[in-house]
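Below are the chains, spelled out letter by letter.
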Amino acid sequence: MSQPCIGILTWRNGTRFGEPAFFRRLIRAGQKLGATVFLFSLQDVALERRRVRGFVPDKVGKWKSKWYPWPDIVLDRYRYYPLKRHEAYLPFRQQNLFRYANSRFANKWKVHQMLWDDGRLRPWLPETYAYERGQLEQMLTRHRLLYVKPSNGTGGRSILRIESTPHGYLLWGRGKKQNKEQLGIKTKAELCAFVESWIQTERSGNEIFLIQQGLELNLIPDRTADIRLLIQKNKSGEWKTTGIGARIGASHSSTSNLHGGGKAMAALDFLVEHFGESEAQRIISECRSMAKLAVHAIEEKYGQMVEFGMDIGVDTSGHVWLIEINPKPGREIFRELGDMKRYEVAIRRPLEYALYLLDQEGA
């Protein structure tokens, strides 16, 4: 019997891929599971020949390509942004040329609206709106802290943090080129003008920007800290929390992201330090329950999924907040924690779930 063939749909420019180190590990993990795994992009599909140009690393890690048979199943890892170079992705995906393990997903704004309307997740959701100047002015009257961020963003880029003070507003931001902004503004009119200029500079294509209620996540003074939870389907097709870590942002950073100089810490240790053992255990349990409820709500709306990374805030009172959901998450937090066993599980699980689906089909 031939090996099962798993294609990984992603973006490429020549032999440049967005997540090369992760993809090399993913392909090696697939080989250990007895599968043929390769990367491909939109331009690599020869529909008439039912062949796909796939890419795998050679012995020194450089990418080599050859023609592969039509994959039995595809994991969609294409990180879409509303830019010209990605405009072919949505029409391609809508053709359903392959059997996909994961359905298409919406942007942060549509997902927030869906979860808010669902009602079950509402107690954990911060107030969020599509950016309008009038909405920003209203939110400033209700919240001391606000975030302005892109609906398709990732890695903490293009996020602006706005803090109201007795003397005006303090702003911290990190642009899409990792440039940092930090300044004080005295009037609301000046603030609105700066925010609109920021959005024009940071917007990718026609993407929507959001205004979100800021949360008191400064359990450590002058630093943003949050929880990253990775929930994945396992080899039996069940949702399981793979791991949870805390992320502590750099001093005066607008986010906690590791890309922006943040550091990782074991979630339970971090929470015990600030809330004590019993309250920390309660918070971890609540995060797990909330994540499972969220993924089931998403699947009811969007169809079958594989994995999600969830950014979860825990404010100074111990309240849990669901800040963001990422359907194509990283897993580097486990490497940062030195938990290589969990890191390997996190890489392997999407492949195990894809193989489970193929087994179910053949049963």
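All of these numbers come straight from a predicted model, not from anything done at the bench.

Trainee: I would appreciate a short explanation of the sheet that holds strand β10 (residues 145-150) in the present structure.
Mentor: Note on sheets: strands pair through backbone hydrogen bonds, and any given pair is parallel or antiparallel. The six strands lie next to each other as β9-β14-β10-β11-β12-β13, forming an open sheet whose pairing is antiparallel. At either margin of the open sheet sits one strand with a lone partner, and together these are β9 (128-130) and β13 (180-185). Taken pair by pair, the neighbouring strands of this sheet meet at an average axis angle of 15°, ignoring direction. Inspection of the sheet shows β10 paired to strand β14 (residues 209-213) by five bridges, in the antiparallel sense. Bridging across to β14, Val148 finds its partner in Ile211. This element, helix α3 (residues 108-118), spans β9, β10 and β14 of the sheet and lies at about 130° to β9.

Trainee: Any chance you could explain the pattern of salt bridges here in plain terms?
Mentor: One side chain can pair with another of opposite charge once the charged atoms of both are near each other. What the rule picks out here adds up to 26 salt bridges. A salt bridge links Asp44 to Arg12; its shortest N-O distance comes to 2.4 Å. Remark: Arg12 occurs in strand β2 (residues 12-13) and Asp44 occurs in the loop between β4 (36-40) and β5 (45-46); sequence separation between them is 32 residues. Residue Lys149 is joined to Glu324 by a salt bridge in which the shortest nitrogen-to-oxygen separation is 3.2 Å. With Lys149 in strand β10 and Glu324 in strand β19 (residues 320-326), this residue pair connects regions lying 175 residues apart in the sequence.

Trainee: Before we go on, may I ask you to explain the nonpolar core in this structure?
Mentor: A general feature of soluble globular proteins is that nonpolar side chains tend to end up buried together. Of all hydrophobic cores here, the largest spans 48 residues; its most connected members are Ile6, Leu9 and Phe98. It is helix α9 (residues 340-362) that contributes the most residues to this core, nine residues altogether. Beyond its immediate chain neighbours, meaning those up to four positions away, Ile6 contacts Ala35, Thr36, Val37, Phe38, Ile73, Leu75, Leu351, Ala354 and Leu355. Residues Ala225, Leu271, Met310 and Ile325 belong to the second largest nonpolar core, which totals 38 residues.

Conventions adopted
Residues numbered from 1 in each chain as written. Predicted model: local features only at pLDDT ≥ 70, side-chain atom pairs only at ≥ 80, totals over all residues. Heavy atoms only, no water. Pairing = 2+ DSSP bridges. Helix = DSSP H or I, 4+ residues; strand = E, 2+ residues; numbered from the N terminus. Axes fitted to C-alpha atoms, helices over the stretch in contact; angles between N-to-C directions. Contact = heavy atoms within 4.5 Å. Salt bridge = Lys/Arg side-chain N within 4 Å of Asp/Glu carboxyl O. Core = buried A, V, L, I, M, F, W, Y, C linked by side-chain atoms within 4.5 Å. Buried < 20%, exposed > 50% of the residue type's maximum accessible area, 1.4 Å probe, protein only.

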